[in-house]
Amino acid sequence: MKRYKIILLAIIALALFLRVFRLSDVPPGVNQDEASIGFTAYSLLQTGRDEYGHVLPLSFQSFGDWKLPLYIYTTIPFVATLGMSELAVRLPSTIAGILTVIVAFFLVYELFRSYRLSLLASLLLAISPWHLHLSRVESESNVAVFFTATGFLLLLKGLHKHWLAVPGAILLALTYYTYHGNHISTTLLLIGFIALYWREAIKPKAFFYGALLFIVLAGFILSQTLAGADRTKLSGIGLLGDPFVIHERIELPRNDHGNDSLTAVILHNRITYAIETITKNYLKAFSPEFLFISGGTNRAHNIPNFGNMYLIEAPFLLLGLFVCIANRKKKPFLFLLWWILVSPVAASITRDAPHTNRMFAIFPALPIVVALGLNYFFNEISFHKKSIVIGFVMMLFMINIVVYMDRYYVHFPKNEAPSWGIGYKELLSYIDQPLQKSKTLIMANPETSPYIFLLFYGKDDPALFQQKVERYDPTPDGFYHVRVFGRYQFRQIDWERDIFYPNALLVDYVERVPDQYKPRMIRVAQFGVVPSYL
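Remember, it's a predicted structure, so these values are computed and weren't measured experimentally.

*Asks:* Outline the pairing of strand E1 (residues 440–443), supporting the account with residue identities and numerical values.
*Replies:* Here E1 shows no split at all, with Thr440 and Ile442 on one side and Leu441 and Met443 on the other all buried. In terms of strand pairing, E1 meets strand E5 (residues 504–509) through four bridges, oriented parallel. When the bridges of E5 are listed, Met443 appears paired with Val507. Here E1 runs beside strand E4 (residues 488–490); their pairing, made up of three bridges, is parallel. Across the sheet, residue Ile442 finds its bridge partner in E4, namely Gln489.

Written out as structure tokens, the structure reads:
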């Protein structure tokens, strides 16, 4: 066996180990989206309907965030085999992450015809904190990255073996069924590919058939989501979806102009605010803070105080970008630059950018650019110093990796447990004890959707839930919250009144339980459980 194949197998084994080791335990319990996808897959398996009673939908209403169908339907056989569990909802993403490491090798080889560069890019992807984290949770964006990388690999190969363009186009169309951000990022990447390779692609009939299939498949899912789900999704996370932001950033500055209403309207309006904010969000996506220091703010996608990339990668990322710019007249380098530049666009139009999950479309281009920088650096070192310098760089990488692994596998599951579902799992174990099982549970903070964790870990009957659930009216930005199902009530607790609710358990975060009731309180994870007096 050739040496590069042995090294590639070792890299795949490393990627496999890092992504499956303690997969059920780290992260500690499911997050909100994992619980939703797991229960939805279970509901489809048991009843053929989602939690709203819709038959085999292509767009899932969920909390009002309208999830796309591919990940949910992919999860069904895992739930059928493994039960509704952390492992079942994470395995599709984990498998996609491992396969992407393999695809990255062949993609880089197709672009640059270098085994060394291909192995280096695959290794960097295998150990990437960004890719590792999103491969260990349910992540539609991670599956979309696999489809995107494989799709463009097949399109590039299709320039020589034309028939490969058809499966490549199908895979790219599937990204539209997987993650909302790819409605933008895949489209932009295709525009760049067509602009660069149209001369080679215009003659083969396979590219025509591939384009036709892509238009039909992508057009079909967009016809199901664009008018409703996509618009609602964007209103919930978009820049202009929050009335408070509009008041603070547009209406109040207008008042400062006094009687000069024309100037106020010209300078302070939705368009100028959107342009300014999108530009800032786009630039933040490339900030050292986001890439190397602390990552994004969503705790489902990052561990505290650690960037999306290793610090040691920073100089090689810059060097790799320099290599791409210096070789911009060559199509592979220019396509890679285009990939990097368009990836933040979808995330930039949302209110909480930069966002680790929505920015994930930058993979696998990002580790490929770092690999280019490392490769260039190693090539420029004089022969007699090469082994020393390579050893020093490897040592720095090892230090970064060990620090990350310690924080991820040791500290993260302990310190961040309240942000994940393990607390609800412990709560359910307590309230399902024989002495508690007949009691009504009144749980605060319905806006955090605690119901979905109780459904997931309680494995409640989906058909019964569909019939009995009562929901609040939708919020102004289109989100839905559950009010009642079964013995559960989700509402803010009126402690003076509810403490006398017959045969009830009152549940809130420990710090929010009034002091006078804390002597009666039983602490379960982050929750305080207070039995009523009656």
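Once you've had a look at it, read on.
*Asks:* Could you give an account of the environment of Pro446, with specific residues and numbers?
*Replies:* With respect to the secondary-structure elements, Pro446 resides in the loop between E1 and helix H22 (450–458). C-alpha separation for the pair Pro446 and Tyr480, spaced 34 residues apart in sequence, amounts to 9.7 Å. Setting aside anything within four residues of it in sequence, one finds Pro446 in contact with Tyr472, His481, Val482, Phe490, Arg491 and Gln492.

*Asks:* Summarise the environment of Tyr509; cite the residues concerned and give the values.
*Replies:* Secondary-structure assignment places Tyr509 in strand E5. With a relative accessible area of 22%, Tyr509 lands in the partly exposed category. In the structure, Tyr509 is positioned 15 residues away from Val524 in sequence and 9.6 Å away in space, judged by C-alpha atoms.

*Asks:* With reference to specific residues and values, describe the packing of helix H5 (residues 115–127) against helix H19 (residues 365–380).
*Replies:* Contact pair H5 / H19: the axes reach a minimum separation of 8 Å and the direction vectors enclose 130°. Overall, the two elements H5 and H19 adopt an arrangement that is oblique. Here H5 and H19 pass one another in a crossing that is right-handed. Contacts between H5 and H19 involve Arg116, Leu117, Leu120, Ala121, Leu124 and Leu125 from the former and Pro367, Ile368, Val370, Ala371, Leu372, Leu374, Asn375 and Asn379 from the latter. For the contact of H5 with H19, the per-class residue count stands at eleven nonpolar, two polar and one charged.

*Asks:* Could you give an account of unusual backbone geometry, with specific residues and numbers?
*Replies:* Here the bond from Val26 into Pro27 is cis, since omega is 0°, no more than 30 degrees from zero. As for its position among the elements, Pro27 is in the loop between helix H1 (3–20) and helix H2 (32–47). Between Phe363 and the following residue, Pro364, the backbone shows a cis peptide bond with an omega angle of 0°. Residues other than glycine seldom take positive phi values, yet Asn305 does so here, at roughly 55°. The exposed category is assigned to Asn305, whose relative accessible area is 62%.

*Asks:* For the sheet that holds strand E6 (residues 522–524), give the residues involved together with the corresponding values.
*Replies:* Strand order in the open sheet formed by seven strands is E2-E3-E4-E1-E5-E7-E6, with mixed pairing between adjacent strands. At either end of the open sheet lies a strand with only one pairing partner, and these are strand E2 (470–471) and E6. Contacts from H22 reach E1, strand E3 (482–485) and E4, with the element oriented near 155° to E4.

*Asks:* Kindly report on H5, identifying the contributing residues and their values.
*Replies:* Given a rise of 1.5 Å per residue, 13 residues ought to cover 18 Å, and the 18 Å separating the end C-alpha atoms of H5 matches this to within 8%. Across the 13 residues that make up H5, a large majority, ten, are buried. All of the buried residues in H5 are Leu117, Ser118, Leu119, Leu120, Ala121, Ser122, Leu124, Leu125, Ala126 and Ile127. Those residues of H5 that are buried are in contact with H1, helix H4 (86–112), helix H6 (129–135), helix H16 (313–326), H19 and helix H20 (383–415).

*Asks:* Please give an account of the pattern of salt bridges that cites residues and values.
*Replies:* Pairs can form between side chains of opposite charge once their charged atoms are near each other. Taken as a whole and assessed by the stated rule, the structure comprises 17 salt bridges. Close ionic contact of Glu86 with Lys425 constitutes a salt bridge, the shortest N to O distance being 3.7 Å. Of the two residues, Glu86 is situated in helix H4 and Lys425 in helix H21 (residues 422–431); the sequence distance between them amounts to 339 residues. Close ionic contact of Lys518 with Asp515 constitutes a salt bridge, the shortest N to O distance being 3.7 Å. Owing to a relative accessible area of 31%, Lys518 belongs among the partly exposed residues under this scheme. Each member of the salt-bridge network shares a partner with another, and the members are Asp33, Asp65 and Lys67.

*Asks:* Give me the packing of H4 against helix H7 (residues 140–158): which residues, what numbers.
*Replies:* Taken N-terminus to C-terminus, the directions of H4 and H7 make an angle of 25°; their axes are 8 Å apart at the nearest point. Here H4 lies roughly parallel to H7, going by the angle between them. Where H4 crosses over H7, the handedness of that crossing is left-handed. Where H4 abuts H7, its residues Pro92, Ser93, Ala96, Gly97, Leu99, Thr100, Val103, Phe106, Leu107, Glu110 and Leu111 lie against Asn142, Val143, Val145, Phe146, Ala149, Thr150, Phe152, Leu153, Leu156 and Lys157.

Reading the values: the criteria
- Residues numbered from 1 in each chain as written.
- Predicted model: local features only at pLDDT ≥ 70, side-chain atom pairs only at ≥ 80, totals over all residues.
- Heavy atoms only, no water.
- Buried < 20%, exposed > 50% of the residue type's maximum accessible area, 1.4 Å probe, protein only.
- Helix = DSSP H or I, 4+ residues; strand = E, 2+ residues; numbered from the N terminus.
- Pairing = 2+ DSSP bridges.
- Contact = heavy atoms within 4.5 Å.
- Axes fitted to C-alpha atoms, helices over the stretch in contact; angles between N-to-C directions.
- Parallel < 35°, antiparallel > 145°, perpendicular 65-115°, else oblique.
- Left-handed = near helix turned anticlockwise from the far one by under 90°.
- Nonpolar A, V, L, I, M, F, W, Y, C, P; charged D, E, K, R; others polar.
- Expected span 1.5 Å × (residues − 1).
- Salt bridge = Lys/Arg side-chain N within 4 Å of Asp/Glu carboxyl O.

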